[in-house]
Amino acid sequence: MNQLEAFVPVAKVSDFDDEELISVEVDDEEIMLCQVEGKYYAINNICSHAHVELSDGELDGCFVTCPLHFSQFDVRTGEPQGPPAKDPVETYEVLVVDDLIYIKPY
Amino acid sequence: MSTYNQIVIIGAGIAGVNAAKTLLDNDYEGKVVLIDRDENLPYDRPPLSKEYLAGTMDNDGILLHPEEFYRDDRMELLLGKSVTELRPDKKTVILNDGEEIGWDKLLITTGSKLRRLQPLDEQNFENVFYLKTQKDASRVQEQLSSINHLAIIGAGFIGLEVAASMLAAGKQVTVFEAAKTPLSRVLGEDMGTYIAEKHRAKGIEIFTDDYITQFKGDSSIREVETKNGIKLACDGVLVGIGVSTDGLLVEGILDFDDGIIVNEFCETSVADIYAAGDCARWTYPISGEKIRIEHWDHAMNQGATAALNMLQPNSQPFTTIPYFWSNQHDLAIQYVGHPTTWDQTVLRGSMEDDTFTMFYLLENKVVGALIVNQPTNVLPIRRLISQSVIVNTDQLGDEKVKLKQIIKQAAVIN
Ligand SMILES: Cc1cc2nc3c(=O)[nH]c(=O)nc-3n(C[C@H](O)[C@H](O)[C@H](O)COP(=O)(O)OP(=O)(O)OC[C@H]3O[C@@H](n4cnc5c(N)ncnc54)[C@H](O)[C@@H]3O)c2cc1C
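Throughout what follows, the structure given in this document is the object of discussion. What you see is a predicted model; the values in this text were computed from it and never measured.

Some words on the interface of chain A and chain B
Next up, step 1: In this complex, chain A contributes 15 residues to the contact, which on the side of chain B involves 20 residues.
Next up, step 2: Interface of chain A and chain B: buried area, both sides summed, is about 1,400 Å²; carbon and sulfur atoms make up 60% of it.
Next up, step 3: Linking chain A with chain B are three salt bridges.
Next up, step 4: Run the count over chain A and chain B and you get seven residue pairs in polar contact (both at pLDDT 80 or more).

Here it is as structure tokens:
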């Protein structure tokens, strides 16, 4: 079976040359991509607290900080680390094949 | 000395609730008693002038935490009760029903008090509104259908947010502002003018350098008249003229000067009594000034810091750079820093496109920034302000040079 079944290509590894957070849209879902120590992660791009794009925030280690109210989310699990956000954001499976980054939307 | 094995928090706004949460998250072993005179489950205030007023967020939506959060054995939430007296000698507080509650540490997070228009209050009109509590906001909502033209007194952030929310709800809106330029005290003339013009372009009338001298009507206001002779027929008046602090509870007990004076560990002039949020005055490390901040992010962070210092005295200095946001029409406004004076401003981006950052500098250091529809800038700028370094102002105004690059270089030069 093709390991990439149900995955869609969304970005290139080289896109991260000068960006640390990338936003992509798949089937109306807004998704944020990032890279931590060579590993790629994808979470829903919309903060679970207010309608803001997390990709406008900043990455610090495994945590992305929302640019509006500064909630932090763990990009590995989607879990918020502190207020104001109470709920996690969705996470997505990521695969990298050659220079292409694939994710599996819901 | 006897111990009660509990911490009392007066005021369940964002500062008090987040302090309680921080205590529990950090395994405080005693009990947290959280008291508020408001009867509603603790809620968030910013949506009251925005989504809640516009009807797009409901009672559950504005809760700070769901009810389960307070069902923790280690916590006691007392709603609908106010603290009327502090007894630091006995380490207790007295409630309005006479109950006396003991504490090992006390946190005061009582927020601020609305400035009221005395003459207006005396006349007791039915269609006069203030906006501080959930009840206030519900009242506006309940009467919304009978309001066609709302007069707003005060073009501060809340007045302007309400103006935008009401316009979106199809109402006619007129705003009266005593200053020459709205928001100029915080943002300066140019930016105040920019924001006022945005409102005017949307169809909101703003009269500046003017104030209402007469309210006419029987049980309800039907017309207002201003110092400059403007007569306006309206069927609702909302007052948003800012807040002040109330020293009554702490008078003669704690150092107070338009706010309870706290040190960098959020402790007041009396040991074991802490204060945070809108009610506290603290020393801002960037300028050395004693300031009081009336913003949500500040209250949330100072509440948490106070909690950590209650658990471990003098362990966490509070250094958070003040920050607030405001939504008005299609402007996502963010403001970071707290300059009381500046000697230069630098524009980055395009005001025409409503996508820009205006930097406020003092002696070549960024001390504040107004960010309009450029949310990516806020976190780097907050860092830049806290580093308090001299920056290259030419680069600051040049969007081709990345902000992060400028910050890196500034840190190296200094
Ligand atoms: C309509 C509105 C819109 C706002 N919008 C924004 C915004 O967009 N961005 C932003 O940054 N900030 C905004 N703010 C400001 C922000 O909400 C406040 O800075 C913040 O709520 C302060 O939190 P606090 O916990 O210090 O005080 P508060 O939230 O005021 O809480 C204090 C609590 O103490 C209780 N209390 C007081 N005295 C007693 C007593 N003696 N006994 C018992 N209980 C007592 C009060 O009932 C109250 O619940 C807004 C405020 C309002 C009113």
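Topic: the site of the ligand
Residues and elements named next belong to chain B.
Next up, step 1: The ligand sits among 31 residues. The nearest are D36, R45, K50, V83 and D278.
Next up, step 2: A distance of 3.0 Å separates an oxygen atom of the ligand from a polar backbone atom of A15.
Next up, step 3: Within the backbone of E294, an N or O atom sits 3.3 Å from an oxygen atom of the ligand.
Next up, step 4: Coverage of the ligand by the protein amounts to 93% of the 1,000 Å² it exposes when considered alone.
Next up, step 5: Listed by contribution, the elements that provide at least two residues to the shell around the ligand are α1 (14-25), β2 (31-36), α5 (157-168), α7 (296-311) and β22 (323-328).
Next up, step 6: In terms of residue class, the shell around the ligand is built from 13 nonpolar, nine polar and nine charged.

Looking at the packing of aromatic side chains
Residues and elements named next belong to chain A.
Next up, step 1: With the rule as written, the count across this model stands at 14 aromatic pairs over all chains.
Next up, step 2: With centroids separated by 5.4 Å and ring planes inclined at 55°, the aromatic side chains of F16 and Y40 adopt a geometry described as tilted. Here F16, found in the loop between β1 (8-12) and β2 (21-26), pairs with Y40, found in strand β4 (residues 39-44); they are 24 residues apart in sequence, far enough to count as distant. Residues F16 and Y40 agree in their burial class; the two are buried.

Let's talk about the sheet that holds strand β20 (residues 280-283) of chain B
Residues and elements named next belong to chain B.
Next up, step 1: Reading across the sheet, the three strands line up as β18-β20-β21 and stay open at both edges, with mixed pairing between neighbours. The outermost strands of the open sheet, each flanked by one partner alone, are β18 (260-261) and β21 (290-291).
Next up, step 2: As defined by bridge partners, β18 adjoins β20 across two bridges and the pair is classed as parallel. Residue I261 lies in a different strand from β20, and its bridge partner there is R281.

Thoughts on the packing of helix α8 (residues 378-387) of chain B against helix α10 (residues 403-413) of chain B
In a packed pair of helices, the relevant descriptors are the angle between the two axes and the axis-to-axis distance.
All names here are of chain B.
Next up, step 1: Contact pair α8 / α10: the axes reach a minimum separation of 10 Å and the direction vectors enclose 15°. Considering their axes alone, α8 and α10 lie roughly parallel with respect to each other. Two packed elements cross with a definite hand, and for α8 against α10 that hand is left-handed. Of the residues in α10, those touching α8 at P380, I381, L384 and Q387 are L403, I407 and A411.
Next up, step 2: A breakdown of the residues in the contact of α8 with α10 according to their chemical character gives six nonpolar, one polar and no charged.

Here we look at the environment of B:Y274
Residue and element names in this part refer to chain B.
Next up, step 1: Mapping Y274 onto the fold places it in strand β19 (residues 273-275).
Next up, step 2: In this view, Y274 contacts K105, L106, L107, I108, F265, C266, E267, T268, A306, N309 and M310; residues no more than four positions away in its chain are not counted.
Next up, step 3: Within polar-contact distance, the side chain of Y274 engages the backbone oxygen of N309 at 3.4 Å.

Points about the packing of α1(B) against α7(B)
Residue and element names in this part refer to chain B.
Next up, step 1: Taken N-terminus to C-terminus, the directions of α1 and α7 make an angle of 40°; their axes are 7 Å apart at the nearest point. When the interaxial angle is binned, α1 and α7 end up oblique. For the pair α1 and α7, the sense of crossing is right-handed. When α1 is examined against α7, the residues I14, A15, N18, A19, T22 and L23 are found in contact with a partner set consisting of W296, A299, M300, G303, A304, A307, L308, M310 and L311.
Next up, step 2: Grouping the amino acids of the contact of α1 with α7 by side-chain chemistry returns twelve nonpolar, three polar and no charged.

The rules behind each value
- Residues numbered from 1 in each chain as written.
- Chains lettered and ligands numbered in written order.
- Predicted model: local features only at pLDDT ≥ 70, side-chain atom pairs only at ≥ 80, totals over all residues.
- Heavy atoms only, no water.
- Contact = heavy atoms within 4.5 Å.
- Buried area = accessible area lost by both parts, 1.4 Å probe.
- Salt bridge = Lys/Arg side-chain N within 4 Å of Asp/Glu carboxyl O.
- Polar contact = N/O pair within 3.5 Å; in protein donor to acceptor, adjacent residues only side chain to side chain.
- Near = heavy atom within 4 Å.
- Areas by Shrake-Rupley, 256 points an atom, 1.4 Å probe, with all protein chains shown as cover.
- Helix = DSSP H or I, 4+ residues; strand = E, 2+ residues; numbered from the N terminus.
- Nonpolar A, V, L, I, M, F, W, Y, C, P; charged D, E, K, R; others polar.
- Phe/Tyr/Trp six-rings, centres within 6.5 Å; stacked < 30°, edge-to-face > 60°.
- Buried < 20%, exposed > 50% of the residue type's maximum accessible area, 1.4 Å probe, protein only.
- Pairing = 2+ DSSP bridges.
- Axes fitted to C-alpha atoms, helices over the stretch in contact; angles between N-to-C directions.
- Parallel < 35°, antiparallel > 145°, perpendicular 65-115°, else oblique.
- Left-handed = near helix turned anticlockwise from the far one by under 90°.

By themselves, these figures tell us nothing about what the structure is for.
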